[in-house]
Each structure stands twice: as C-alpha cells, then as structure tokens.
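Observations on the model geometry
Here's the letter readout for the chains.
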Amino acid sequence: MSKKNPEYDFKWCPGCGDFGVRRAIEFAMIDRLEETGLPMENNVVIAGIGCSGNLVHLMEGNQPYGFHGIHGRSLPIAFGTKMARPDLNVMVVAGDGDFLSIGGEHIGPQAARNLNICAVIMDNGVYGLTKGQSSPTTKLGEITSSTPYGKIEADLNPLELYLTLGVSFIASGFSSQPRPLAELITQGMEHAGFSIVHVQSPCTTYNDTFEQLKGNVKKGIEPMLWNIPEDHDASDKAAAHDLLQQGGIPVGVLYNDESRPSLDQQVEQMWEKARPQSVEALMDAFKF
Amino acid sequence: MEMRDFVVRFAGEGGQGVVTSAEGLAQTSTQAGYHALTFATFPSQILGGPTWTQARISVDHLLSPGDDVDVLVAFNQEAYDTHKEDLRPDGVIIFNSNEFELEGDPRGFGLPVEDLARATGNNRAANMVIIGALAHLVHMPQEFLEEFVIARFTRGRAGDDEIIRSNIQALTSGREHIAESGLDLGDLAPAVRPDGQQLMLKGNEAICLGSLAAGLEVYAGYPISPATTILLWMERNLVGPGKFAYQVSSEIESITTLLGAGFAGKKAMTATAGPGFSLMSEGLGLGWIAEIPLVVVNVQRGGPATGLPTKTEQSDLMACMYPAHGDVKMPVIAVGTVEECFFGAIKAIEWAERYQGPVVLMTEMSLAERVQNIPRPDLSKVQVDARKVYTGDNGYRRYAGFELSPMPIPGGPGAYMANGSEHDDFGDTTHLPARHVQMTERRFSKIKLLEEDDYEIDRPEEAIVFMPWGGSKGPALEAYNILKEKSVPVGWCYTMYLNPLPPKLLEELKQKELVIVPELNYQGQFASILRSQGVKAEAITQYTGLPFKVRDLVNRVTEMTNSRRKEMVKA
Ligand SMILES: Cc1ncc(C[n+]2csc(CCOP(=O)(O)OP(=O)(O)O)c2C)c(N)n1
Ligand code: SF4
Ligand SMILES: [Mg+2]
C-alpha cells in the first residue's frame, strides 16, 4: 500500500516489533533494487496470516507484488511462485504461529528441496492477531489467554529446528535494529537456497519481551540477545549447534551452507536427463 | 450365429496377469480394427489379492464394459466362485488348470496356461496362451493376433525375434488346445476399421495429453489412487525450460503450489481423489477470492475418508461444486468418456484462464483406468484463449469493478496484492459492506464467462428426459439406445459442463415433466442440484462401488417413465 489507504483498517499497536521488521525489509529491497537494477515488481512478498502478515500491506514507497493468502501456507505458495518463475525474488513474511504451528509441516520439505526463497519470521512468542494465545515459542509455564494455568507444553527452539531440518541459511535478528536486520535479510535474499531470517519481534500488547531481550542493568536483568562472534564459522554445522547450546538468543548468521544447489538449479540440471517431447509425439506413444 | 461384440472377464489374484491379459486382448482386437473398452478393479493390497478386469470387444463404438460376461477366465477357484453369477448361462469358463481343477460346471475348460507358456521357452507368454484360446472361441483369424505380436515386440532389440516366435507359438497352442474342447461362441462379425488414426489409452492418460495440448506449465501432486498415474506421467513428460512438475508433501501443498504458480502467470494443475480434495478446501476458496487461475482434477473413488480407494463412485459432486466456506461455487466439468477426458482437460484449463479462478475437473476411477480406443485428437483444432494480462502502468486497481479485469503478472507492471481477505480495488484488506457486496458480485459475475452453447440432446419433444453426468454417460447412452428402440417415450440430454450449465440446456430442462438422472451416489447429488435450479429431477442411484449395468438402467427408466405417465394422465 503505497499511500495511506482509508479503507484499510488494520494498524499495528504502538511499539509493535513488526514496525522495525517492515523497515528492514524495505531497506533490503531498496538496496537490492539499487544493486541489481531490477524493478520493484520483480519482488514478490508472500504473507502469512497474523499481525505479522499484515506487513505486506503496510510497506511504504515503491510496491512489490504481494500475496496475502491463508494461515500457515505462505511457504508452499512461495514454492509455486518461485518454481513457476525462478527469475523472481520471492520472500515470505510470517509469524511464529503461522510458520511454526499450523504451517510447520512445510518447513522440512522446503529445506530438503533448498527452495531459493527468503523467509522472514516475526517471532513474538504469541498469537497476536487472535489476541494472545500461546504459540510454539511461548515459554514453558507462561500464562496466556489460552494457557490460564500456565503453558505445559515445552517451548520450541526454532533455530535448532531449522538447523535440524537442513535449512541452508539461518540467521537470527532483532526488530529494534532495522539496519543490521536489513543486512541479514539481504544476505538471505542473496543466498542461493532456502534462507530463514528469524526475528525477535515483540508484541507490546500480549507478550512484551523487549526488556528480557535487551536486558536491564538497573533491574539486574541479563539480556537474552547476544551477538554471534565474528570468528564463528557459519559453514560449520557443529559450530552452529554449539552456539545454540550457550543459551539466550544469538544474533547474526548462525549457519550458511553454500555448497548445495538450489531447487531451481537442480531442476535445470535435471533437464539434461529429460527429453521434452511435443504433444503429437507424446500421443504417438498411444497409437496402434 | 454372428456376434457384434463379446465380453471377457479375467479374474484372479494380483500378479497373475489379470490386467495384462485384458489389456492384451483389447490391444490385439483394436489392432485388428475392432473397438475395445476395459473396466479394471484393483486389489486393495500391494501383492496378490482378488482382482478382476473386464474387456469388451466390439464391431461398434463402445459405451460400457457390458452387463453379461461371455467368457470368464478364472485364474483360481475363488475367482470362479465370485464371478460365476455374472457369466451368461451359455457362456464359457476358461480356467487355469495349472492352478486348480474346476469341477461340476460343464461350461468349464481347463487350460494349462503355465505349462503351455513354458513349452514355448518363454514363461511370460502366458497371457498369449489365453488370448489365443479366446480368439478361437469367436473365430478371430490368427493373422490378426500375429500382426499384433509382431508390432508389439519389434523394438529393435536383440531378442525381438525370439520373443515374437515364442509369443506366436503361445497363441497357437492356446488356440489348438481349446479347439479340442469343441467350445464355441460363434462368429464375431468382421471388424470395420474406424476412419482415421486411433489412439488406445486410459482416461488418465487422455487427461495428461489434453492438459499439455492446452499448454499446461506447472503440475504439483501427491500420490493417491486413482490419480497417481497423472502425477507420474507429468513428472516424466512435463519437462524442459519453463515447465515444472513435482511431487509435493501433501494436497495442501499441491493446491497452494498451484496458487503460487497461477498467481505468477502459469497454467497450473493438480490431480487428486476425495481425501486429497477435502484437504484442498481452504486453498480452493483462496483461489476463488484472490482470483487465481488453476485446475484441480478429482478422480473420484468411493466413500468418505479413506472410503473405497479402489472402487468407482460419483459421490463428490457436492464437494466439488461447493468445496469451501463462504459464498463459493466452483466451475465444474465432469467427463464421461475417455475422449472427453482429453477435451475436458483442455476446457478446464481454458476456463481457469478465461475467468481467472479455480476450475474442478471431475472424473472417476472407472474412467481413469479404462483403456479404450478413441480417434486421434486433431491438435490443430485445439484453441485455448490466453489469460487477459495487464500491461499498463503501476498504480493499477486489480480488483476494480464488478467484472473480470486484466491480471498483472509478477515481474511486470501493476504490482498488487492478491488477497485472501476481503479487499478493495488494490487488493488491500477491507471490511466495508459495500466492498464485500462488490467483490462477491464480481466473483459470481465472472462465472457467466464460462457459459457454453453446446450440449447433447435427442428427441427434444419428449416431456421426460434421461440425463446422466460423468462416467455414467456410457451405460446410460447404451440404455437410452435400447429404450429408444423399444419406443419408451423418453428423451436424452447430456453435458460435461455441470457449472455453469449451458443456459439453453437449463431452459430446456426446466420445461420437462421429469429429468431422470442416473448417478453413483446415495443422495442423488446432481438431481438435487438440478432441483435447486428449478428442474424437476429425480435420481436413479447406485452405491456398490461399481458402474451401472445397462439392463438395470433400462428397467428403472422404463418403470419411472410408466409411473410418471400414469400420473400425468390422472392430472
Ligand atoms: C486455518 C486458520 N486457522 C485459524 C486462523 C486464525 N488465526 C489467524 S492469525 C492466527 C495466529 C497468528 O499468530 P502468528 O502467526 O504468531 O502471528 P502474529 O499475529 O503473532 O504476528 C490464527 C490462529 C486462521 N486465520 N486460519
Ligand atoms: S497485538 Fe502484538 S503483534 Fe499484533 S500489532 Fe499489537 S503488538 Fe503487534
Ligand atoms: Mg506471533
């Protein structure tokens, strides 16, 4: 939505982390535009359903194509778009509920295929849009509108999941740092394969974790976020695993495997083995 | 006595050559200029399990697999026990005497199939032993069979000659063996070779070819009987730059993949059966509201949930026409013959492009696996109108107005939001009542673009008509021809366009006193849909997992016609 559309009646709450993520994506897209010279229409943003998915309507300035579909299915829609048109830059924006709960079944297959898209996940540890129910990343014991006696289900570590599933580029970011976050997104977009940029993007209304994430010296709260050291070898899966054992939430590029071809590259290689035939020739196989 | 057609049922265990023998007979016969049509059932287990396939061979164009079996080829005792009721009283049973001895039925003749095959030096020629015996029963000349064997096994390989020799020997020994029995069915009338080139193929293969003829570019699917063969064919043949066929991880992925591909400007299709179709419900609604062209083929099987995976039924019509929540009514094409599988697939893709939305192509297990000869389609006559694509500037209002508008394609001008929430002209989410009214009416108005002119009608003056849909067309038309011969006062209507119905046909139907709809489901789904459109329709239902028998249709239509005419006289 390039200018304010009076009919569009969704607004993020003041302070919502998603504002920063939107800014970061805009930065990354403008950088791409300047670098490649490709028009903004070459970008497609496929959005999940949630407060986070509304990002696709709230982007300012020059507009990419958008597809705001159904809850949990942004990945396979992106799969269809990318494999139909590998020349497009395809991006997914979704929340933790959309991507990890209802849509969780789609991550493994895209990782195995190494689909060349970049997914930016806004993790607020809660279902924002439906008003505060627990999500897979809600902490154990937490009281939410759907866990009145505290959450009894273990919380998921998404970075560990991605690493296990074989996602070939995994980065972790924070919504309050749009510039560094834009850098991660750019790297993700440039990565020839499946990239996920998992962003801590707090929900100020239902799960305000800014303080825990950043820490508060006065209150003696240690920050959960810590920067991945520069000497971390992102191509080393074991090293990435080790980082995740250190607790808290590492920020930066956790894992980057550039050795695997992307799905569209593999399909192109496959054409060397395949023999495309005309419909007439295909019909000939049935003549007698 | 001269016969115009004969019906052979092959029954036994999976793996005993039931299907290959039936298809071999069909191929041999079409090679000789006859028409052939098969009906296959599957065993429900991977290896073994009871199964049967029926082949009907005829001088004339075929409409159904035939009610009565002339020859039962029984590979084991169970096959005989199960199928003997369907054999006509003076029919013949060929049983594999290497497997069992049939006692107490004078119609039986034991053929030591494996022994005779082994004697040729080629164990795999067993089905030729049977085909040779069958040919003898109806006096089919040996040279037809030999021609077939030579054509089939001349593949430019080293062993070809030996394989041809052993197969011909197998044919001859089957023939000679049964000749000793004195069994005879009479003369099959000489073949009248159909004009023009013919293809011999299954319904699913015809759908594959039709969709490629229409320019299909993207296919995504998940294995499920009886649709799997389409996925496998596509992965092999929908290849090369600009094409993509892929086995995805669920039917939810199938439908959403098509949504992404249709949005990106491609002609996209998937094929599934009931359980997979149910999983596509939400995605079909998204295609409808976001206005994305795509085609879903539903190869129907029986029952809800896992139901009857290997049987045939026409019980998904309601689900196909109304698959999703919200005000949604899908365009539906239901094919009735192997030939219609080809042309229906083309039409489905064309419809999707024409109105920019999802189209459901319905077929069924009995058609999917039916092998039949059809005239080779003339591709020069295939015309598919291209999607209306937007070529202007940015700032375009993709969803403006109450009618179809050109669609922008990513990469090109007119970036917009394809939106599954109710939206405004640009595609941004809105909840204004006026917008929901506009967009709802817009979506329904586009259906009008799919109204076709052509349909089948015979004896339009009759007040009562017989109108099947989908795969019941064959047996229904055969029944209709008999009814007509018997001067039962009933007319005929048929179309593969179930939504929207050709408007002239609907007008015609509304004038009728009674529209009799034979359909393979309990509820009479199409009859009920017709009634909702002001047609006095009544269903003839059957839910056995098997197709209609012609005789049953003749009887039931005659009864219904008689009783309705009595009422009409009273009134
Ligand atoms: C199939 C389906 N089930 C449920 C919903 C309702 N729903 C909408 S958004 C949402 C959860 C959103 O949570 P998340 O993905 O974390 O996004 P957030 O709002 O937190 O950004 C749910 C359950 C839906 N739209 N569709
Ligand atoms: S509810 Fe939470 S996630 Fe949603 S807009 Fe408000 S702050 Fe953001
Ligand atoms: Mg959330």
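For clarity, every value in this text was computed on a predicted model and none was experimentally measured.

1. What to know about the packing of aromatic side chains
Enumeration according to the criterion identifies 22 aromatic pairs over all chains in this entry. On the basis of an interplanar angle of 65 degrees and a centroid distance of 5.7 Å, the ring pair of A:Phe79 and B:Phe244 is categorised as edge-to-face. With A:Phe79 in helix 3 (residues 74-84) and B:Phe244 in strand 11 (residues 244-247), this pair bridges two chains. Since its relative accessible area comes to 0%, A:Phe79 is described here as buried. Here the aromatic cluster, defined as three or more aromatic residues joined through ring pairs, consists of A:Tyr65, A:Phe67, B:Phe263, B:Tyr399 and B:Tyr416. Above the ring of B:Trp52, the side-chain terminus of B:Arg9 is found at 4.0 Å from the ring centroid.

2. What about the domain arrangement of chain B?
Residue and element names in this part refer to chain B. By the assigned domains, chain B splits into domain 1 (5-179), domain 2 (200-381), domain 3 (388-450) and domain 4 (456-570). Each of domain 1 and domain 4 has a C-alpha centre, and the two are 36 Å apart. At the junction of the two partners, domain 1 supplies 8 residues and domain 4 supplies 10 residues. Linking domain 1 with domain 4 are 3 salt bridges. The residue inventory of the side of domain 1 that touches domain 4, partitioned by class, reads 3 nonpolar, 1 polar and 4 charged.

3. Considerations on the site of ligand 1
The full set close to ligand 1 counts 17 residues, and A:Cys51, A:Ser52, A:Asp96, A:Gly97 and A:Asp98 are the nearest of them. Nearby residues place ligand 1 at the junction of chains A and B. Contacts to ligand 1 include A:Cys51, whose backbone N or O atom sits 2.7 Å from an oxygen atom. With respect to ligand 1, the backbone of A:Val126 contributes an N or O atom lying 3.0 Å from an oxygen atom. In the complex, the protein chains occlude 77% of the 590 Å² of accessible area that ligand 1 would expose alone.

4. Brief notes about the interface of chain A and chain B
Taken together, the contacts link 49 residues of chain A with 69 residues of chain B. Taking both partners together, chain A and chain B bury about 4800 Å²; carbon and sulfur atoms supply 64% of that area. Area buried by chain A at its contact with chain B is led by A:Tyr65, A:Phe286 and A:Phe288, which between them contribute 17% of it. Our count for the chain A to chain B interface comes out at 4 salt bridges. Linking B:Glu253 and A:Arg113 is a salt bridge whose minimum nitrogen-to-oxygen distance equals 3.0 Å.

5. Remarks on the site of ligand 2
Around ligand 2, the neighbouring residues are A:Trp12, A:Cys13, A:Cys16, A:Cys51, A:Asn124, A:Cys203, A:Thr204, A:Thr205 and A:Tyr206. In terms of residue class, the shell around ligand 2 is made up of 6 nonpolar, 3 polar and no charged.

6. A few points about the pairing of strand 8 (residues 249-256) of chain A
All names here are of chain A. With 8 of 8 residues buried, strand 8 lies mostly within the body of the structure. Of the pairings in the sheet, the one linking strand 5 (residues 169-174) to strand 8 comprises 4 bridges and is antiparallel in character. Paired with Ile 170 across the two strands is Tyr 255, which belongs to strand 8. In terms of strand pairing, strand 7 (residues 225-227) meets strand 8 through 3 bridges, oriented parallel. Bridged to Leu 225 within strand 8 is Ile 249. With respect to chirality, the unit in which strand 7 leads through helix 9 (residues 237-245) into the neighbouring parallel strand 8 is right-handed.

7. Side note on the pattern of salt bridges
Charged atoms that come close allow side chains of opposite charge to pair. In total, this model carries 46 salt bridges over all chains according to the counting rule given. One salt bridge in this structure joins B:Glu456 and B:Lys473, with 2.7 Å as the shortest N-O distance. Note that B:Glu456 is positioned in strand 18 (residues 456-458) and B:Lys473 in helix 16 (residues 473-485), a separation of 17 residues in sequence. Among the charged side chains, a network of salt bridges with common partners joins A:Glu7, B:Arg397, B:Asp425 and B:Arg435.

8. What to know about the nonpolar core
Among the nonpolar cores identified, the biggest contains 168 residues, and A:Phe67, A:Phe99, A:Tyr162, B:Tyr219, B:Met234 and B:Phe466 are the most heavily contacted of them. Per-element tally for this core: the top contributor is helix 13 (residues 338-355) of chain B, with 10 residues. When sequence neighbours within four positions are dropped, the list of residues in contact with B:Tyr219 reads B:Ile230, B:Leu231, B:Met234, B:Leu238, B:Phe244, B:Ala245, B:Tyr246, B:Met269, B:Thr270 and B:Ala271. Core analysis: the next-biggest nonpolar cluster, separate from the first, contains 51 residues, B:Ala55, B:Ala117, B:Val129 and B:Ile168 among them.

9. Topic: the coordination of the magnesium ion (ligand 3)
All names here are of chain A. Looking at the metal site, the magnesium ion (ligand 3) is ligated by Asp 96 (OD), Asn 124 (OD1) and Val 126 (O), spaced 2.0 to 2.2 Å from it. Mapped onto the polypeptide sequence, the residues donating to the magnesium ion (ligand 3) form the spacing pattern D-x27-N-x1-V. With a gap of 28 residues between them, Asp 96 in helix 4 (residues 96-102) and Asn 124 in the loop between strand 4 (118-123) and helix 6 (158-165) connect regions that are remote in the sequence. For the pair Asp 96 and Asn 124, a shared accessibility class is recorded, and that class is buried.

10. Some details on helix 13 of chain B
Residue and element names in this part refer to chain B. The end-to-end C-alpha distance of helix 13, which contains 18 residues, comes to 26 Å, matching closely the 26 Å that a straight helix rising 1.5 Å per residue would cover. With 15 of 18 residues buried, helix 13 lies mostly within the body of the structure. Where helix 13 terminates, the next one or two residues include Gln 356, which has phi positive at roughly 55 degrees.

11. Here's the deal with the state of the cysteines
Residue and element names in this part refer to chain B. Summed over all chains, the structure comprises 0 disulfides over all chains. Unpaired in terms of disulfides, Cys 208 finds its nearest cysteine sulfur in Cys 341, a separation of 10 Å. Given a relative accessible area of 1%, Cys 208 falls into the buried group.

12. Points about the pairing of strand 1 (residues 43-47) of chain A
Residues and elements named next belong to chain A. Burial runs high along strand 1: 5 of the 5 residues are buried. The alternating pattern of strand 1 places Asn 43, Val 45 and Ala 47 and Val 44 and Ile 46 on opposite faces, both of which are buried. Bridge count between strand 1 and strand 3 (residues 89-95): 5 bridges; the pairing is parallel. Looking at the pairing, Val 45 lines up with Met 91 of strand 3. The pairing of strand 1 with strand 2 (residues 65-68) spans 4 bridges and is parallel. Residue Val 44 lies in a different strand from strand 2, and its bridge partner there is Tyr 65.

13. Examining helix 5 (residues 142-153) of chain B
Here helix 5 of chain B contains 12 residues, and its C-alpha end-to-end distance of 17 Å stays within 8% of the 16 Å for a straight helix at 1.5 Å per residue. Buried residues in helix 5 of chain B make contact with helix 1 (18-31), helix 4 (126-137) and helix 6 (160-179) of chain B.

14. Observations regarding the packing of helix 7 (residues 203-213) of chain B against helix 13 of chain B
Residues and elements named next belong to chain B. For the pair helix 7 and helix 13, interaxial distance at closest approach is 7 Å and the crossing angle is 35 degrees. Considering how the two elements wind past one another, helix 7 and helix 13 form a crossing that is right-handed. On the side of helix 7, the interface is formed by Gly 203, Ala 206, Ile 207, Leu 209, Gly 210, Ser 211 and Ala 213, while helix 13 contributes Val 338, Cys 341, Phe 342, Ala 345, Ile 346 and Ile 349. Residues belonging to the contact of helix 7 with helix 13 are distributed by class as follows: 10 nonpolar, 3 polar and no charged.

Reading guide: rules and limits
- Residues numbered from 1 in each chain as written.
- Chains lettered and ligands numbered in written order.
- Predicted model: local features only at pLDDT ≥ 70, side-chain atom pairs only at ≥ 80, totals over all residues.
- Heavy atoms only, no water.
- Phe/Tyr/Trp six-rings, centres within 6.5 Å; stacked < 30°, edge-to-face > 60°.
- Helix = DSSP H or I, 4+ residues; strand = E, 2+ residues; numbered from the N terminus.
- Buried < 20%, exposed > 50% of the residue type's maximum accessible area, 1.4 Å probe, protein only.
- Lys NZ or Arg CZ within 6 Å of the ring centre and 35° of its normal.
- Domains from an automatic or database assignment.
- Contact = heavy atoms within 4.5 Å.
- Salt bridge = Lys/Arg side-chain N within 4 Å of Asp/Glu carboxyl O.
- Nonpolar A, V, L, I, M, F, W, Y, C, P; charged D, E, K, R; others polar.
- Near = heavy atom within 4 Å.
- Polar contact = N/O pair within 3.5 Å; in protein donor to acceptor, adjacent residues only side chain to side chain.
- Areas by Shrake-Rupley, 256 points an atom, 1.4 Å probe, with all protein chains shown as cover.
- Buried area = accessible area lost by both parts, 1.4 Å probe.
- Pairing = 2+ DSSP bridges.
- Right-handed = clockwise from strand over helix to strand, strands pointing away.
- Core = buried A, V, L, I, M, F, W, Y, C linked by side-chain atoms within 4.5 Å.
- Donors = N, O, S within 2.8 Å, 3.2 Å for Na, K, Ca; no water.
- Expected span 1.5 Å × (residues − 1).
- Disulfide = S-S within 2.5 Å.
- Axes fitted to C-alpha atoms, helices over the stretch in contact; angles between N-to-C directions.
- Left-handed = near helix turned anticlockwise from the far one by under 90°.

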